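Architecture at a glance
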Amino acid sequence: MAKRKAALYMTMIALAGMLAGCGEKSANTSDTSASEHEGHQQTSPAAAPEASNSGDAHSGHTAGEEKAESDNGHGGHGDMDGMEHEQAIAQVKWSFQSGQPAPGSETVIELKVTDAADAPIEKFDLNHEKLMHLIAVSSDLSYFSHIHPIYESGGKFTGKETFPAAGSYKLFADFIPTGASQQTVSTEMEASGQAAAKVEMKADDELVQTIEGQKVKLALSTTKAGEEAKLTYTFEDAESGEPVKDLEPYLGAVGHVVIISSDLEKYLHVHPLDEASAGPEAVFATEFPEPGLYKIWGQFQRGGKTFIVPFVVNIQA
Ligand SMILES: [Cu+2]
(Lines give C-alpha, C1' and ligand atoms only; values in the text may rest on other atoms or scores of the structure.)
Protein backbone atom coordinates (compact mmCIF):
# COMPACT_ATOMS: atom_id res chain seq x y z
CA MET A 1 0.00 0.00 0.00
CA ALA A 2 1.24 3.44 -0.77
CA LYS A 3 2.23 5.53 2.11
CA ARG A 4 -0.75 7.55 2.93
CA LYS A 5 -0.42 11.15 3.75
CA ALA A 6 -3.58 10.92 5.69
CA ALA A 7 -2.00 8.34 7.90
CA LEU A 8 0.29 11.02 9.16
CA TYR A 9 -2.46 12.81 10.80
CA MET A 10 -2.26 13.33 14.43
CA THR A 11 -4.29 14.91 17.01
CA MET A 12 -2.86 17.36 19.35
CA ILE A 13 -4.45 19.40 21.90
CA ALA A 14 -3.12 21.76 24.40
CA LEU A 15 -5.67 22.66 26.90
CA ALA A 16 -5.72 24.60 30.01
CA GLY A 17 -7.17 22.00 32.27
CA MET A 18 -6.50 22.05 35.93
CA LEU A 19 -5.22 18.94 37.46
CA ALA A 20 -5.54 17.78 40.98
CA GLY A 21 -2.03 16.69 41.70
CA CYS A 22 -2.48 13.16 42.75
CA GLY A 23 -2.36 9.83 41.10
CA GLU A 24 -2.14 6.24 42.04
CA LYS A 25 -0.69 2.98 41.16
CA SER A 26 -2.40 -0.23 41.82
CA ALA A 27 -3.08 -3.75 40.82
CA ASN A 28 -6.11 -4.93 38.90
CA THR A 29 -5.72 -4.78 35.19
CA SER A 30 -7.95 -7.69 34.39
CA ASP A 31 -10.70 -6.43 32.25
CA THR A 32 -10.68 -8.04 28.90
CA SER A 33 -14.22 -9.23 28.74
CA ALA A 34 -15.86 -6.19 27.26
CA SER A 35 -15.57 -6.39 23.53
CA GLU A 36 -14.90 -2.73 23.07
CA HIS A 37 -12.05 -2.90 25.50
CA GLU A 38 -9.16 -3.07 23.12
CA GLY A 39 -6.28 -2.07 25.24
CA HIS A 40 -5.58 -1.89 28.85
CA GLN A 41 -2.32 -1.57 30.49
CA GLN A 42 -0.54 -0.80 33.61
CA THR A 43 3.13 -0.48 34.16
CA SER A 44 3.48 0.43 37.75
CA PRO A 45 3.98 -1.71 40.79
CA ALA A 46 1.02 -2.69 42.86
CA ALA A 47 -0.28 -0.82 45.82
CA ALA A 48 -3.45 -1.43 47.70
CA PRO A 49 -5.92 1.38 47.25
CA GLU A 50 -7.64 2.44 50.39
CA ALA A 51 -11.19 3.39 49.77
CA SER A 52 -12.49 6.10 52.00
CA ASN A 53 -14.93 8.93 52.22
CA SER A 54 -16.13 8.72 48.67
CA GLY A 55 -19.36 10.27 49.80
CA ASP A 56 -18.47 13.88 50.07
CA ALA A 57 -15.03 14.98 49.09
CA HIS A 58 -15.39 14.31 45.42
CA SER A 59 -19.05 14.44 44.72
CA GLY A 60 -19.90 16.90 42.07
CA HIS A 61 -16.71 16.00 40.32
CA THR A 62 -18.28 13.39 38.15
CA ALA A 63 -19.20 15.42 35.17
CA GLY A 64 -17.33 17.80 33.01
CA GLU A 65 -17.78 19.68 29.88
CA GLU A 66 -15.07 20.87 27.64
CA LYS A 67 -14.72 22.09 24.17
CA ALA A 68 -12.86 20.14 21.60
CA GLU A 69 -9.92 21.43 19.75
CA SER A 70 -9.72 20.63 16.15
CA ASP A 71 -6.43 19.09 15.25
CA ASN A 72 -5.98 20.95 12.04
CA GLY A 73 -3.17 23.39 11.95
CA HIS A 74 -1.59 22.18 15.13
CA GLY A 75 1.77 20.66 15.46
CA GLY A 76 3.19 21.41 12.08
CA HIS A 77 1.60 18.51 10.30
CA GLY A 78 -0.45 20.59 7.96
CA ASP A 79 -1.16 17.82 5.53
CA MET A 80 -4.74 17.29 6.47
CA ASP A 81 -5.81 16.58 2.91
CA GLY A 82 -5.93 20.25 2.24
CA MET A 83 -8.48 21.07 4.84
CA GLU A 84 -8.46 24.51 6.26
CA HIS A 85 -8.04 25.09 9.92
CA GLU A 86 -11.37 24.72 11.58
CA GLN A 87 -12.48 25.90 14.92
CA ALA A 88 -13.51 23.29 17.39
CA ILE A 89 -17.12 22.58 16.76
CA ALA A 90 -17.92 19.94 19.30
CA GLN A 91 -18.30 19.85 23.01
CA VAL A 92 -18.84 16.91 25.27
CA LYS A 93 -20.81 16.53 28.47
CA TRP A 94 -19.23 13.76 30.45
CA SER A 95 -21.00 11.82 33.15
CA PHE A 96 -20.85 8.50 34.92
CA GLN A 97 -23.97 6.43 35.12
CA SER A 98 -23.40 5.29 38.66
CA GLY A 99 -22.08 8.54 40.09
CA GLN A 100 -18.47 8.94 40.96
CA PRO A 101 -16.36 6.04 39.69
CA ALA A 102 -15.17 3.66 42.38
CA PRO A 103 -11.88 1.91 41.82
CA GLY A 104 -12.13 -1.72 40.78
CA SER A 105 -15.71 -1.67 39.62
CA GLU A 106 -16.96 -1.12 36.14
CA THR A 107 -17.96 2.44 35.35
CA VAL A 108 -20.19 3.38 32.46
CA ILE A 109 -18.94 6.62 30.99
CA GLU A 110 -21.52 8.66 29.14
CA LEU A 111 -20.50 11.24 26.58
CA LYS A 112 -23.02 13.59 25.07
CA VAL A 113 -21.64 15.30 22.02
CA THR A 114 -23.15 18.63 21.08
CA ASP A 115 -22.31 21.51 18.85
CA ALA A 116 -21.48 24.97 20.09
CA ALA A 117 -25.21 25.79 20.31
CA ASP A 118 -25.79 22.73 22.50
CA ALA A 119 -27.64 20.77 19.83
CA PRO A 120 -26.70 17.09 19.70
CA ILE A 121 -24.28 16.02 17.01
CA GLU A 122 -25.70 12.79 15.66
CA LYS A 123 -23.55 11.82 12.70
CA PHE A 124 -19.98 10.68 12.95
CA ASP A 125 -17.47 9.25 10.52
CA LEU A 126 -15.64 6.04 11.15
CA ASN A 127 -12.03 6.59 12.04
CA HIS A 128 -9.92 3.48 12.09
CA GLU A 129 -13.02 1.34 12.25
CA LYS A 130 -14.56 3.15 15.22
CA LEU A 131 -16.83 6.13 15.73
CA MET A 132 -15.05 7.17 18.88
CA HIS A 133 -11.74 6.39 20.51
CA LEU A 134 -11.36 7.08 24.19
CA ILE A 135 -8.06 7.04 26.03
CA ALA A 136 -8.04 7.00 29.82
CA VAL A 137 -4.82 7.63 31.70
CA SER A 138 -3.99 8.11 35.34
CA SER A 139 -2.54 11.51 36.07
CA ASP A 140 0.94 10.02 36.49
CA LEU A 141 0.53 8.11 33.19
CA SER A 142 1.19 4.78 34.86
CA TYR A 143 -2.23 3.57 33.75
CA PHE A 144 -3.40 3.59 30.14
CA SER A 145 -6.57 2.29 28.61
CA HIS A 146 -7.93 2.61 25.08
CA ILE A 147 -11.61 1.86 24.66
CA HIS A 148 -14.26 2.42 22.03
CA PRO A 149 -17.49 3.84 23.35
CA ILE A 150 -20.59 2.66 21.54
CA TYR A 151 -22.90 5.09 19.84
CA GLU A 152 -26.37 5.02 21.35
CA SER A 153 -28.42 7.81 19.78
CA GLY A 154 -28.98 11.53 20.02
CA GLY A 155 -25.27 12.27 20.19
CA LYS A 156 -24.75 9.96 23.13
CA PHE A 157 -21.95 7.42 23.47
CA THR A 158 -21.35 5.03 26.34
CA GLY A 159 -18.14 3.23 27.20
CA LYS A 160 -17.12 0.92 30.00
CA GLU A 161 -13.99 1.38 32.00
CA THR A 162 -12.73 0.02 35.29
CA PHE A 163 -10.47 2.52 36.97
CA PRO A 164 -7.88 0.50 38.85
CA ALA A 165 -7.27 2.79 41.80
CA ALA A 166 -8.33 5.94 43.57
CA GLY A 167 -6.97 9.19 42.21
CA SER A 168 -7.01 11.49 39.22
CA TYR A 169 -7.46 10.46 35.63
CA LYS A 170 -7.67 12.24 32.36
CA LEU A 171 -9.93 11.07 29.55
CA PHE A 172 -9.41 11.97 25.90
CA ALA A 173 -12.13 11.26 23.36
CA ASP A 174 -11.43 11.54 19.67
CA PHE A 175 -14.06 11.46 16.99
CA ILE A 176 -15.02 12.99 13.66
CA PRO A 177 -18.42 14.65 13.36
CA THR A 178 -19.54 14.10 9.77
CA GLY A 179 -18.42 17.04 7.69
CA ALA A 180 -15.91 18.28 10.23
CA SER A 181 -12.32 17.57 11.14
CA GLN A 182 -11.22 15.29 13.89
CA GLN A 183 -12.06 16.57 17.35
CA THR A 184 -10.34 15.74 20.60
CA VAL A 185 -12.06 16.53 23.86
CA SER A 186 -10.69 15.80 27.28
CA THR A 187 -11.79 15.93 30.85
CA GLU A 188 -10.31 15.23 34.22
CA MET A 189 -11.95 13.10 36.85
CA GLU A 190 -11.38 11.31 40.11
CA ALA A 191 -11.94 7.75 41.13
CA SER A 192 -13.08 7.77 44.73
CA GLY A 193 -10.87 7.04 47.67
CA GLN A 194 -7.51 8.05 48.98
CA ALA A 195 -4.99 8.31 46.18
CA ALA A 196 -1.50 6.96 46.67
CA ALA A 197 1.54 8.95 45.71
CA LYS A 198 2.21 9.45 42.03
CA VAL A 199 4.62 7.20 40.26
CA GLU A 200 7.43 9.41 39.06
CA MET A 201 7.92 9.19 35.33
CA LYS A 202 11.49 8.69 34.12
CA ALA A 203 12.88 8.48 30.64
CA ASP A 204 13.86 4.96 29.62
CA ASP A 205 17.60 4.44 29.25
CA GLU A 206 17.02 1.93 26.50
CA LEU A 207 14.01 1.83 24.24
CA VAL A 208 13.67 -1.92 24.16
CA GLN A 209 11.25 -4.24 25.89
CA THR A 210 10.08 -7.79 25.70
CA ILE A 211 6.32 -8.07 25.75
CA GLU A 212 4.27 -11.20 25.26
CA GLY A 213 6.92 -13.03 23.29
CA GLN A 214 8.05 -10.09 21.20
CA LYS A 215 11.18 -8.08 21.65
CA VAL A 216 10.22 -4.55 20.65
CA LYS A 217 12.69 -1.78 19.95
CA LEU A 218 11.85 1.83 19.36
CA ALA A 219 14.16 4.23 17.53
CA LEU A 220 13.48 7.97 17.26
CA SER A 221 14.95 9.89 14.36
CA THR A 222 15.20 12.93 16.61
CA THR A 223 14.55 13.72 20.23
CA LYS A 224 14.19 17.43 19.55
CA ALA A 225 10.94 19.28 19.90
CA GLY A 226 9.48 20.92 16.84
CA GLU A 227 11.07 18.59 14.31
CA GLU A 228 9.49 15.75 12.43
CA ALA A 229 10.26 12.69 14.48
CA LYS A 230 10.06 9.26 12.94
CA LEU A 231 9.26 6.53 15.39
CA THR A 232 10.44 3.16 14.15
CA TYR A 233 9.36 0.07 16.03
CA THR A 234 11.22 -3.15 15.24
CA PHE A 235 9.82 -6.52 16.28
CA GLU A 236 11.72 -9.70 16.92
CA ASP A 237 10.48 -13.01 18.21
CA ALA A 238 11.88 -13.08 21.73
CA GLU A 239 12.62 -16.79 21.65
CA SER A 240 14.05 -17.32 18.20
CA GLY A 241 15.41 -13.85 17.55
CA GLU A 242 13.77 -13.96 14.12
CA PRO A 243 12.24 -10.80 12.72
CA VAL A 244 8.48 -10.72 13.20
CA LYS A 245 6.70 -10.54 9.85
CA ASP A 246 3.22 -11.51 10.86
CA LEU A 247 1.92 -8.54 12.76
CA GLU A 248 -1.81 -8.27 12.21
CA PRO A 249 -3.85 -5.20 11.47
CA TYR A 250 -5.29 -3.70 14.59
CA LEU A 251 -8.17 -1.33 13.84
CA GLY A 252 -7.12 -1.24 10.22
CA ALA A 253 -3.43 -0.50 10.63
CA VAL A 254 -0.26 -2.23 11.74
CA GLY A 255 -0.31 -0.23 14.93
CA HIS A 256 -1.55 2.79 16.79
CA VAL A 257 0.52 5.13 18.86
CA VAL A 258 -0.70 7.48 21.55
CA ILE A 259 1.68 10.01 23.07
CA ILE A 260 0.92 12.13 26.12
CA SER A 261 3.16 14.69 27.79
CA SER A 262 3.95 14.28 31.47
CA ASP A 263 1.86 17.35 32.31
CA LEU A 264 -1.10 15.75 30.43
CA GLU A 265 -1.40 18.82 28.22
CA LYS A 266 -0.28 17.34 24.92
CA TYR A 267 -2.05 14.43 23.33
CA LEU A 268 -0.88 12.91 20.06
CA HIS A 269 -2.62 10.04 18.31
CA VAL A 270 -0.42 8.83 15.49
CA HIS A 271 -1.00 6.28 12.76
CA PRO A 272 1.65 4.42 10.81
CA LEU A 273 3.11 5.68 7.55
CA ASP A 274 2.59 2.28 5.99
CA GLU A 275 -0.56 0.98 7.56
CA ALA A 276 -0.32 -2.35 5.74
CA SER A 277 3.07 -3.34 7.14
CA ALA A 278 3.17 -6.71 8.90
CA GLY A 279 6.60 -6.15 10.41
CA PRO A 280 9.34 -6.38 11.26
CA GLU A 281 9.04 -2.58 11.26
CA ALA A 282 6.21 -0.21 11.97
CA VAL A 283 7.03 3.42 11.31
CA PHE A 284 5.20 6.47 12.60
CA ALA A 285 5.85 10.16 12.11
CA THR A 286 4.95 12.90 14.49
CA GLU A 287 6.33 16.00 16.09
CA PHE A 288 6.82 16.62 19.78
CA PRO A 289 5.52 20.13 20.26
CA GLU A 290 7.61 21.09 23.29
CA PRO A 291 10.54 19.81 25.30
CA GLY A 292 9.77 17.52 28.21
CA LEU A 293 8.93 13.99 29.15
CA TYR A 294 6.44 12.08 27.05
CA LYS A 295 5.02 8.62 27.40
CA ILE A 296 4.48 6.71 24.19
CA TRP A 297 2.14 3.72 24.00
CA GLY A 298 2.29 1.59 20.87
CA GLN A 299 -0.54 -0.86 20.33
CA PHE A 300 -0.02 -3.82 18.04
CA GLN A 301 -1.52 -7.20 17.34
CA ARG A 302 -0.05 -10.61 16.60
CA GLY A 303 -1.57 -14.06 16.80
CA GLY A 304 -4.96 -12.57 17.56
CA LYS A 305 -3.71 -10.80 20.69
CA THR A 306 -3.20 -7.10 21.08
CA PHE A 307 -0.35 -5.85 23.17
CA ILE A 308 0.80 -2.45 24.36
CA VAL A 309 4.38 -1.28 24.49
CA PRO A 310 5.05 1.77 26.66
CA PHE A 311 8.17 3.91 26.53
CA VAL A 312 9.10 7.21 28.16
CA VAL A 313 11.28 9.64 26.25
CA ASN A 314 12.88 12.94 27.11
CA ILE A 315 12.46 15.53 24.37
CA GLN A 316 14.91 18.40 24.21
CA ALA A 317 14.60 21.98 23.12
CU1 LIG B 1 -9.26 3.52 19.38
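Preceding this section is the structure that the text describes.
Residues numbered from 1 in each chain as written. Predicted model: local features only at pLDDT ≥ 70, side-chain atom pairs only at ≥ 80, totals over all residues. Heavy atoms only, no water.

Moving on, we get to the sheet that holds strand β20 (residues 281-287). The 4 strands are arranged β14-β15-β16-β20 in an open sheet whose pairing can be described as antiparallel. If you trace the sheet from one side to the other, it starts and ends with β14 (208-211) and β20, each paired once. Here the average twist between neighbouring strands, direction ignored, is 20 degrees. Pairing of strand β15 (residues 214-220) with strand β16 (residues 228-237), which is carried by 7 bridges, proceeds in the antiparallel orientation. (Pairing = 2+ DSSP bridges. Helix = DSSP H or I, 4+ residues; strand = E, 2+ residues; numbered from the N terminus. Axes fitted to C-alpha atoms, helices over the stretch in contact; angles between N-to-C directions.)

All right, on to the coordination of the copper ion then. Taken together, His-133 (ND1), His-146 (NE2) and His-148 (NE2) make up the protein donors of the copper ion, found 1.8 to 2.0 Å from the metal. Mapped onto the sequence, the residues coordinating the copper ion show the spacing H-x12-H-x1-H. Of this pair, His-133 sits in strand β8 (residues 132-138) while His-146 sits in strand β9 (residues 143-147), and the two are 13 residues apart along the sequence. Neither residue differs from the other here; His-133 and His-146 are each classed as buried. (Donors = N, O, S within 2.8 Å, 3.2 Å for Na, K, Ca; no water. Buried < 20%, exposed > 50% of the residue type's maximum accessible area, 1.4 Å probe, protein only.)

Further remarks concern the pairing of strand β13 (residues 183-191). Within β13, 9 of the 9 residues are buried, which leaves it mostly tucked inside the rest of the structure. Of the two faces of β13, both are covered, the one formed by Gln-183, Val-185, Thr-187, Met-189 and Ala-191 as well as the one formed by Thr-184, Ser-186, Glu-188 and Glu-190. In this sheet, β13 lies alongside strand β12 (residues 167-177) in antiparallel orientation, the contact comprising 9 bridges. Residue pairing for β13: Leu-171 is matched across the bridge by Thr-187.

Glancing now at the packing of aromatic side chains. Applying the stated rule across the entire model yields 16 aromatic pairs. Measuring from ring centre to ring centre gives 4.5 Å for Phe-144 and Trp-297, while their planes differ by 15 degrees; the resulting arrangement is stacked. One end of the pair, Phe-144, is in strand β9; the other, Trp-297, is in strand β21 (residues 292-302), and 153 residues separate them in sequence. Assigned by exposure class, Phe-144 and Trp-297 land together as buried. Through a chain of ring-to-ring contacts, the aromatic side chains of Tyr-233, Phe-235, Phe-284, Phe-300 and Phe-307 assemble into a single cluster. (Phe/Tyr/Trp six-rings, centres within 6.5 Å; stacked < 30°, edge-to-face > 60°.)

Across all of its chains, the model carries 8 salt bridges by this definition. Two residues, Lys-170 and Glu-188, come together in a salt bridge whose shortest N-O distance is 3.5 Å. Of the two residues, Lys-170 sits in strand β12 while Glu-188 sits in strand β13, which places them 18 residues apart along the sequence. Judged on exposure class, the residue Lys-170 and its partner Glu-188 are both buried. Between Lys-266 and Glu-290 there is a salt bridge, with the nearest N and O atoms lying 3.4 Å from each other. Of the two residues, Lys-266 is situated in strand β19 (residues 266-270) and Glu-290 in the loop between β20 and β21; the sequence distance between them amounts to 24 residues. In this structure Lys-266 comes out as buried when scored by relative accessible area, which is 8%. On the accessibility criterion, Glu-290 (39% relative accessible area) is partly exposed. A network of salt bridges, in which partner residues are shared, links Glu-110, Lys-112 and Lys-156. (Salt bridge = Lys/Arg side-chain N within 4 Å of Asp/Glu carboxyl O.)

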